[in-house]
Amino acid sequence: MGKRSTAVVTVQLLPLRRLPAGVKRLCAELRREAGRCWSELVAAHVCSRSGAWLGERDLNALSSGGRFRLHSQSIQALVQKLLANVDTARTSREREQATGGKPVTRYPYHEQPYQTVTWKGQAVRVEGSRLVLPNGRKQRDLVLPLPARFHAADIKQVELLWRADHYQLALTVAELPTPDEQPKPQAAGQVAGVDLGEINLAAVCTEDGRALVVSGRLLRHVKQLRNKRHAAYTERQARCKKGSRRWKRLQRQKSRASAKLYRQQRNILHQASRKVAAFAEAHGVGELAIGDVRAISDGVSKGRHANQKIAQWPHGQFRAYVTQKAERRGMRATLHDEAYSSRTCSACGFRHPSAPRGRVFRCSGCGTTLHRDANGAANICSKRVAGCFAAVQVKNTMHRQAAAVRAPTRAPVAGPKHPDPPPGDGMAPEAHAL
Ligand SMILES: [Zn+2]
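Residues numbered from 1 in each chain as written. Predicted model: local features only at pLDDT ≥ 70, side-chain atom pairs only at ≥ 80, totals over all residues.

Glancing now at the packing of helix α4 (residues 217-238) against helix α5 (residues 245-282). Look at α4 against α5: their axes get within 10 Å of each other, and the N-to-C directions meet at 175°. Overall, the two elements α4 and α5 adopt an arrangement that is roughly antiparallel. Contacts between α4 and α5 involve L218, L219, V222, L225, R226, R229, H230, Y233, R236 and Q237 from the former and W247, L250, Q251, Q253, K254, A257, S258, L261, Q264, Q265 and I268 from the latter. Here the residues of the contact of α4 with α5 are counted per class, giving 10 nonpolar, 7 polar and 4 charged. (Axes fitted to C-alpha atoms, helices over the stretch in contact; angles between N-to-C directions. Helix = DSSP H or I, 4+ residues; strand = E, 2+ residues; numbered from the N terminus. Parallel < 35°, antiparallel > 145°, perpendicular 65-115°, else oblique. Contact = placed C-beta atoms within 7 Å. Nonpolar A, V, L, I, M, F, W, Y, C, P; charged D, E, K, R; others polar.)

Okay, here's the thing in structure tokens:
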């Protein structure tokens, strides 16, 4: 948290399809074990809030001693994630109080049946063409096939995720050389800055000031629908006996619906990334400088609803698509620190004390009004080209929808009575375990 190394790392997603049944079962067990550990940590922390709040050492002590069948660093990662969530909730509450309101952001309290399992650098081993991920004492290693492009890679971290109907690894890989050693762009063509976001999937701004904003509205709609359907199925399941035939049928329907919505999401992201790459190509771009937003999903807590949004904001996937499509068109994609890019005016360089609210950036320094994300993209571009903000000015901004696909139809089941977010990564429960 808060540490920024100079080495550029990328997160690469690796879908795990057609895993042998035993390996799949182990994946489910590990994620369930991480959920159990998370839930106990959260419960203990909730209890401690009436007195002295538990810190990192307390939580580590609480979860050590082989109580969980996970690697000690995987447990530590959960402790750190919880504390980061607590910290961010505290900051949000302080801000809410400072602006005269009652604090509405809750401290973490949700138990999770499943959680992401994280392996840190030293625990990760590559043996030949296999990735070996160790777990707690007397627990089997998780051994997975590793594509050739990662065999010599410097893997910093591995996360085991569940994506609607399959497991997925998120590999954090160090990239060489680091940007500090890199010369200025020597690829032919100009640089374009890319700002990834939740409301708008991407904003691009070229050195000569042409900007494109790709809306994420359809994606948001698809995700809201998924959450609603998911909650409706869960509610229907609550009315029957767990494990019964009817319950299982609902479970299958639930994962089918999730898988479908996941495919829709993928389709939208592909189309949106194609628009970004095509726009860049049309304007003679040689390098896409992408703002690094990974810090956002690392333990930032902005309240339950915002958190659900962020957990479901597939920026890693989207960035991978943009990179692939840019490279196929002969451009390269690089990753850059985006700190202050959204709160600094790209016209005059004035840094505002906080990020703008709403979609419009209004500079109180020079009075410029710009699309918020186009402003961010111009700043990312400027930082890359000139090493400072305000060297690239937005001249015109084009707006596009992410995709032209038909919006999905209404949910077939009754709406939920309580709008709690679904468990897990916010995607779907581990349905195959049945
Ligand atoms: Zn200004």
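From this point, the discussion proceeds with the structure in view.
Attention shifts here to helix α3 (residues 72-98). The end-to-end C-alpha distance of α3, which contains 27 residues, comes to 39 Å, matching closely the 39 Å that a straight helix rising 1.5 Å per residue would cover. Listing the buried residues of α3 in full gives S74, I75, A77, L78, V79, K81, L82, L83, V86, T88, A89 and S92. Of the surrounding secondary structure, the elements contacted by the buried residues of α3 are α1 (21-48), α2 (56-63) and β2 (117-120). Positive phi appears at G100, one or two residues downstream of α3, with a value of about 90°. (Expected span 1.5 Å × (residues − 1). Buried ≥ 20, exposed ≤ 12 C-beta atoms within 10 Å, placed from the backbone.)

Within the fold, I268 resides in helix α5. Assessed through the 25 C-beta atoms surrounding it within 10 Å, I268 is described here as buried. Remark: the alpha-carbon pair of I268 and G216, spanning 52 residues in sequence, is separated by 8.7 Å.

A few words on the environment of D141. By the element assignment, D141 lies in the loop between β4 (130-133) and β5 (142-145). Residues D141 and V23, spaced 118 residues apart in sequence, show a C-alpha to C-alpha distance of 9.8 Å. Leaving out residues up to four positions away in the same chain, D141 has contacts with V132, L133, P134 and N135.

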